[in-house]
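Notes for the structure review
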Amino acid sequence: MHELAVTESILQIASEHASKAGAKKVTDVYLVLGRLSSIVDDSVQFYWDALSEGTICQGAQLHFERIPAKMACLDCGTSFELPGELILCPKCQGGHVKVITGDEFRVDSIEILQESGENL
Amino acid sequence: MNTLRVPVVEKILNANDQLAEQNRRRLDQAGTFGINLMASPGAGKTSVILQTIRRLAGSTRIGVIEGDTAPVTIDADRVISAGMPAVQINTGGDCHLDAVMIANGLNQIAVDQLDLIIVENVGNLICPAAFQLGTHTNVLIASIPEGDDKPYKYPNIYRGIDVLILNKIDLLPYVRFDMDYFRKGVEILNPGVKVFPVSCASGEGFDPWLDWLRAKLSKE
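Residues numbered from 1 in each chain as written. Chains lettered and ligands numbered in written order. Predicted model: local features only at pLDDT ≥ 70, side-chain atom pairs only at ≥ 80, totals over all residues.

What chain A contains, in helices and strands, is two helices and six strands. Of the regular secondary structure in chain A, the N- to C-terminal order runs α-β-α-β-β-β-β-β. Relative to a compact globule of 120 residues, whose C-alpha radius of gyration would be 14 Å, chain A shows 19 Å and is clearly more extended. Expressed as lengths along the three principal axes of its C-alpha atoms, the size of chain A is roughly 60 × 35 × 15 Å. The buried share of chain A, taken over its 120 residues, is 25%. (Helix = DSSP H or I, 4+ residues; strand = E, 2+ residues; numbered from the N terminus. Rg over C-alpha atoms; globule rule 2.2 N^0.38 Å. Buried ≥ 20, exposed ≤ 12 C-beta atoms within 10 Å, placed from the backbone.)

This part covers the environment of Asp75 of chain A. All names here are of chain A. When you line up the elements, Asp75 lands in the loop between strand 3 (70-73) and strand 4 (79-81). The class of Asp75 is partly exposed, set by 13 C-beta atoms lying within 10 Å. Sequence separation between Asp75 and Ile112 is 37 residues; the distance between their C-alpha atoms is 47 Å.

Now for the nonpolar core. Ranked by internal contacts, the top residues of the largest apolar core, which has 83 residues, are Ile10, Ala14 and Val26 of chain A together with Ile118, Val119, Leu140 and Ile165 of chain B. Of all the elements, helix 1 (residues 3-20) of chain A adds the most residues to this core, at seven residues. (Core = buried A, V, L, I, M, F, W, Y, C linked by C-beta atoms within 7 Å.)

What follows is about the interface of chain B and chain A. Each partner contributes residues to the interface: chain B has 28 residues there, and chain A has 31 residues. Of all elements in the fold, only strand 1 (2-11), helix 6 (155-159) and helix 7 (179-189) of chain B reach the threshold of two or more residues within the side of chain B that touches chain A. Considering each element in turn, the side of chain B that touches chain A owes the most residues, ten residues, to strand 1 of chain B. (Contact = placed C-beta atoms within 7 Å.)

In any sheet, the strands associate via hydrogen bonds between backbone groups, in a parallel or an antiparallel arrangement. On the basis of which strands lie adjacent, the open sheet formed by four strands has the order 2(A)-1(A)-6(A)-1(B) and mixed pairing. Two strands lie at the open edges of the sheet, namely strand 2 (61-67) of chain A together with strand 1 of chain B, each paired on one side alone. With direction set aside, neighbouring strand axes in the sheet form an average angle of 20°. Where strand 6 (residues 105-114) of chain A and strand 1 of chain B come together, eight bridges link them in antiparallel fashion. By the bridge assignment for strand 1 of chain B, Val107 of chain A is matched with Glu10 of chain B. (Pairing = 2+ DSSP bridges. Axes fitted to C-alpha atoms, helices over the stretch in contact; angles between N-to-C directions.)

Moving on: helix 8 (residues 206-219) of chain B. Residue and element names in this part refer to chain B. Taking 1.5 Å as the rise per residue, helix 8 with 14 residues should run 20 Å; its terminal C-alpha atoms sit 20 Å apart, in good agreement. For helix 8, the set of buried residues is Phe206, Trp209 and Leu213. Projected down its long axis, helix 8 carries its buried residues within an arc of 70°, all on one side. In helix 8, the exposed residues that point more than 90 degrees away from the buried face are Asp207, Asp211, Ala215, Ser218 and Lys219. Contact partners of the buried residues in helix 8: helix 2 (45-56), strand 7 (163-167) and strand 8 (194-197). (Expected span 1.5 Å × (residues − 1). Arc of directions from axis to C-beta.)

The next thing to look at is the confidence of the model for chain A. With 95% of its residues at a pLDDT of 70 or more, chain A has an overall mean of 91. Strand 5 (residues 97-101) of chain A is the least confidently modelled element of chain A, averaging 90 in pLDDT, while strand 1 (residues 25-34) of chain A averages 97, the highest of any element. (pLDDT = per-residue confidence, 0-100.)

All names here are of chain A. Across seven bridges, the pairing between strand 1 and strand 2 is parallel. Bridge pairing in strand 2 places Val32 opposite Glu65. Considered for its hand, the β-α-β crossover made up of strand 1, helix 2 (residues 41-51) and strand 2 is right-handed. (Right-handed = clockwise from strand over helix to strand, strands pointing away.)

Moving on to the packing of helix 1 (residues 14-30) of chain B against helix 4 (residues 99-107) of chain B. Residue and element names in this part refer to chain B. Between helix 1 and helix 4, the shortest axis-to-axis distance is 8 Å and the interhelical angle comes to 25°. Judged on the interaxial angle alone, helix 4 and helix 1 are roughly parallel. Helix 1 and helix 4 meet at a crossing whose hand is left-handed. In this structure, helix 1 contributes Asn16, Leu19, Ala20, Asn23 and Arg26 to the contact, and helix 4 contributes Ala99, Val100, Ile102, Ala103 and Leu106. Per-class residue counts for the contact of helix 1 with helix 4 are seven nonpolar, two polar and one charged. (Parallel < 35°, antiparallel > 145°, perpendicular 65-115°, else oblique. Left-handed = near helix turned anticlockwise from the far one by under 90°. Nonpolar A, V, L, I, M, F, W, Y, C, P; charged D, E, K, R; others polar.)

What follows is the structure, encoded as structure tokens:
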């Protein structure tokens with residue numbers, strides 16, 4: 001639901017880093033999102049196409065890398081992956097669990113076009 | 001033209017988080033404790049605020065920042081008639097408050113003269129969880145009629161809170177609500193989180209919540 005605000009931030013970050021690198025154009029944006037972040041890829045792509053129009057990022061392809069939600073049981077030490085719904089530790093049925101991965105929410109890298117020899 | 005891969009590695013909400021830090025420093029300098037109060041629509045956010053104001057008035061100077069998606073001042077008006085300053089922030093349809101809106105809200109209220117600022121977030125269990133505001137503590141209100149499955153359906157908001165107020169406990173005899181199932185879901189997501197069962201209708205359960213709040217205020 002907050003994909004609009006999130007997409008605005010992605011555009012801002014990508015544009016800033018592109019300008020710093022002397023880009024003529026951004027062709028790809030690589031995002032890393034944990035399964036626990038409630039973001040709908042299609043919705044971000046939809047806003048992206050609208051927001052990036054007329055910017056250095058226009059036409060850039062978004063890539064979503066989804067990191068699985070991995071938990072560790074604080075009682076028995078078992079590691080397990082969340083199947084999508086919330087579950088107790090599959091080994092000891094304990095509820096004391098900690099998130100190991102799945103919270104990621106970052107712009108990892110961008111791919112840009114530079115004028116040849118510009119940095120020489 | 002060259003193609004080049006540029007590493008970025010920046011948190012998507014980095015700009016918001018940094019502004020939230022500034023808000024936090026501003027509150028700290030003023031010696032004002034800030035609460036981000038979140039809940040679904042109708043859980044009783046404004047009612048809990050009004051009860052809290054009523055019971056702390058006299059000893060504590062409280063201000064409220066009200067977030068709403070529509071340009072209505074119903075909530076702010078109720079706070080002002082309870083004798084405390086309130087600022088209404090219209091998010092223009094946005095589903096959450098963010099650090100920019102809080103910075104604007106803080107400009108409109110005499111922070112230095114307050115002991116406590118309560119931010120009433122937009123009624124929503126999804127989006128507010130993602131945006132830091134710069135307040136000191138996150139409080140979620142759940143309520144009995146919402147059902148006992150909400151921790152399982154909205155895990156992110158339960159994970160990020162410091163205090164859970166369970167409102168409308170006076171309705172327990174009339175509504176199917178498995179307290180053990182609810183508490184188990186909360187415990188998985190947020191082990192050891194403080195839970196205060198209350199009823200705004202009867203006033204039951206407010207003392208432990210107010211004791212917790214007073215202890216926080218005396219530390220600030």
